[in-house]
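Residue-level listing of the chains:
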Amino acid sequence: MKRLTLILILVLGISAQGFSQKGYKFTDGKLVRTTSVKDQSRSGTCWCYSALSFLENEIMRAGGEEMDLSEMWIVRNIYFEKAVKYVRLHGNLNFAVGGAAHDVTNGIRNYGIVPEEVYPGLNYGTKKPYFNEIDAVLKAYVDAIIKAPNKKLTTAWQDGLNAILDAYFGVRPEKFTYKGKEYTPKSFAESLPINIDDYVSVGSFTHHPFYTEFIIEVPDNWAWDTIYNVPLDEMMAIIDNALANDYSVEWATDVSERGFSRTQALGIVPEADLESMSGTEAERWGKLSEREKENALYKFDKPGKEKKITQQMRQEAFDNYETTDDHGMVIIGTATDQKGNPYFKVKNSWDVIPPYDGYYYFSRPFVEYKTISVMVNKNAIPQPIREKLGL
């Protein structure tokens with residue numbers, strides 16, 4: 001019996017050791033202090049969760065306390081702004097729940113901000129955001145306004161819009177008490193140890209001149225806000241410099257690629273490592289169909305060779321709708337895999353889930369390739385680049 005037990009232990013130990021060698025093993029590097037992982041649940045509000053999380057980090061970096069700011073405060077106010085613009089443009093605007101990081105800074109500038117406990121924004125019977133009905137009702141309302149049977153907008157339509165928003169998100173408080181002190185949303189924003197005007201967005205594209213600002217042409221940029229344009233190596237230098245100096249980075253990116261795995265919490269841009277293949281392996285690889293090659297590359301079973309990303313590759317992917325603005329997260333640090341390849345550690349807003357408790361790892365090539373823009377504190381930008389941008 002003892003011998004059988006010993007054999008089982010040895011077998012299980014060998015099996016466990018073999019299993020542990022599969023997949024990706026990450027070692028974290030420099031990490032920036034960050035607030036807790038949140039859950040946007042069934043709402044397309046990643047832009048708000050990521051940008052507010054980024055600003056919560058900035059508050060702590062500037063010496064302030066850890067706090068949880070209200071995402072729904074921003075979403076509710078921005079939905080109103082978007083609806084007004086949609087009607088003014090006769091419906092020729094993307095009217096959906098999506099947005100961008102600048103919607104958060106603009107929202108705080110125009111409406112102030114409140115803590116989560118003051119305005120949870122869940123006035124419709126669920127414990128987490130659930131936007132299917134909200135989105136449908138708001139879209140139907142603004143479309144009905146545009147049709148305007150009497151050919152003239154009434155003076156009541158914006159009141160009606162606010163009534164819908166109040167019904168779903170809750171009536172906005174004019175004043176509130178937080179930790180024993182009374183605030184308005186504006187005065188609370190002013191009490192925070194950050195300057196909203198310090199935050200800028202940066203991208204890297206060749207269809208506009210470098211070192212200029214341009215309106216980024218993505219559907220969710222309903223506000224027609226601008227980003228600064230720099231070469232790819234300088235965009236990455238901005239991210240590196242930010243993290244090295246304890247600044248986090250709000251990251252607008254594309255997670256529709258096969259190289260992104262939700263279950264593995266991983267983003268890569270794999271390429272066949274033909275140079276390391278033996279003659280037999282290379283011959284076998286050459287006989288595979290394109291689909292079989294794709295399946296082999298995206299098994300996520302172990303780290304492998306990744307593509308070298310160029311400025312042209314980025315641009316072509318953007319121009320051909322292969323890189324789309326579909327998700328926002330926060331880059332909070334660096335990491336390496338078991339082979340020493342560099343990654344960024346990223347905080348998502350899809351709840352605290354396995355395998356990394358709501359955090360994800362994206363390879364450096366993925367960030368080079370799939371970044372739409374990053375929002376950073378302008379003081380995190382290397383001085384030579386700031387000078388080129390006139391910041």
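Colleague: Mind showing me how you'd approach the nonpolar core here?
Modeller: Burial of nonpolar side chains together is a common tendency in soluble globular proteins. Within the largest apolar cluster, 58 residues are counted, with the highest numbers of intra-cluster contacts made by Ile74 and Ile113. Of all the elements in the fold, those that place two or more residues in this core are α2 (46–61), α3 (71–88), α4 (101–111), α5 (132–147), α6 (157–169), β2 (176–178), α7 (185–191) and β10 (327–336). Ranked by residues supplied to this core, first place goes to α3 with 11 residues. Setting aside residues up to four positions removed in sequence, Ile74 forms contacts with Trp47, Cys48, Leu52, Asp103, Val104, Gly107, Ile108, Gly112 and Ile113. If you look at the next biggest cluster of nonpolar residues, it comprises 37 residues, including Leu232, Ile239, Tyr247 and Ala317.

Colleague: Got a minute to help me understand the packing of aromatic side chains in this structure?
Modeller: The full count for this structure, using the stated rule, is 26 aromatic pairs. An angle of 85° between the planes, with centres 5.1 Å apart, marks the rings of Tyr183 and Phe188 as edge-to-face. Neither Tyr183 nor Phe188 differs from the other in exposure class; each is buried. In this structure, Lys85 is placed above the aromatic ring of Trp224, and the distance from its NZ or CZ to the ring centre is 3.5 Å.

Colleague: Please explain the pattern of salt bridges as it appears in this structure.
Modeller: Considering all chains together, one arrives at 17 salt bridges under this definition. The shortest N-O distance in the salt bridge between Glu56 and Lys38 comes to 3.6 Å. Of the two residues, Glu56 is situated in helix α2 and Lys38 in the loop between β1 (27–31) and α2; the sequence distance between them amounts to 18 residues. Classification of Glu56 as buried rests on a relative accessible area of 1%. In this structure, Glu257 engages Lys370 in a salt bridge whose closest nitrogen and oxygen atoms are separated by 2.7 Å. Here Glu257, found in the loop between β7 (249–253) and β8 (260–261), pairs with Lys370, found in helix α12 (residues 364–370); they are 113 residues apart in sequence, far enough to count as distant. Residue classification places Lys370 among the buried residues on the basis of a relative accessible area of 1%. A single salt-bridge network, built from bridges that share partners, covers Asp39, Lys128 and Asp351.

Colleague: Honestly, the packing of α3 against α5 in this entry has me stumped. Any pointers?
Modeller: Helix-helix packing is described using two parameters, namely the angle between the two axes and the distance between the axes. Interaxial distance between α3 and α5 falls to 10 Å at its minimum, and their mutual angle equals 30°. When the axis of α3 is compared with that of α5, the two are roughly parallel. Considering how the two elements wind past one another, α3 and α5 form a crossing that is right-handed. Mapping the contact onto sequence places Tyr79, Ala83, Tyr86 and Val87 in α3 and Ile134, Asp135, Leu138, Lys139, Val142, Asp143, Ile145 and Ile146 in α5. In the contact of α3 with α5, the residues fall into 9 nonpolar, no polar and 3 charged.

Cut-off values and rules
Residues numbered from 1 in each chain as written. Predicted model: local features only at pLDDT ≥ 70, side-chain atom pairs only at ≥ 80, totals over all residues. Heavy atoms only, no water. Core = buried A, V, L, I, M, F, W, Y, C linked by side-chain atoms within 4.5 Å. Buried < 20%, exposed > 50% of the residue type's maximum accessible area, 1.4 Å probe, protein only. Helix = DSSP H or I, 4+ residues; strand = E, 2+ residues; numbered from the N terminus. Contact = heavy atoms within 4.5 Å. Phe/Tyr/Trp six-rings, centres within 6.5 Å; stacked < 30°, edge-to-face > 60°. Lys NZ or Arg CZ within 6 Å of the ring centre and 35° of its normal. Salt bridge = Lys/Arg side-chain N within 4 Å of Asp/Glu carboxyl O. Axes fitted to C-alpha atoms, helices over the stretch in contact; angles between N-to-C directions. Parallel < 35°, antiparallel > 145°, perpendicular 65-115°, else oblique. Left-handed = near helix turned anticlockwise from the far one by under 90°. Nonpolar A, V, L, I, M, F, W, Y, C, P; charged D, E, K, R; others polar.

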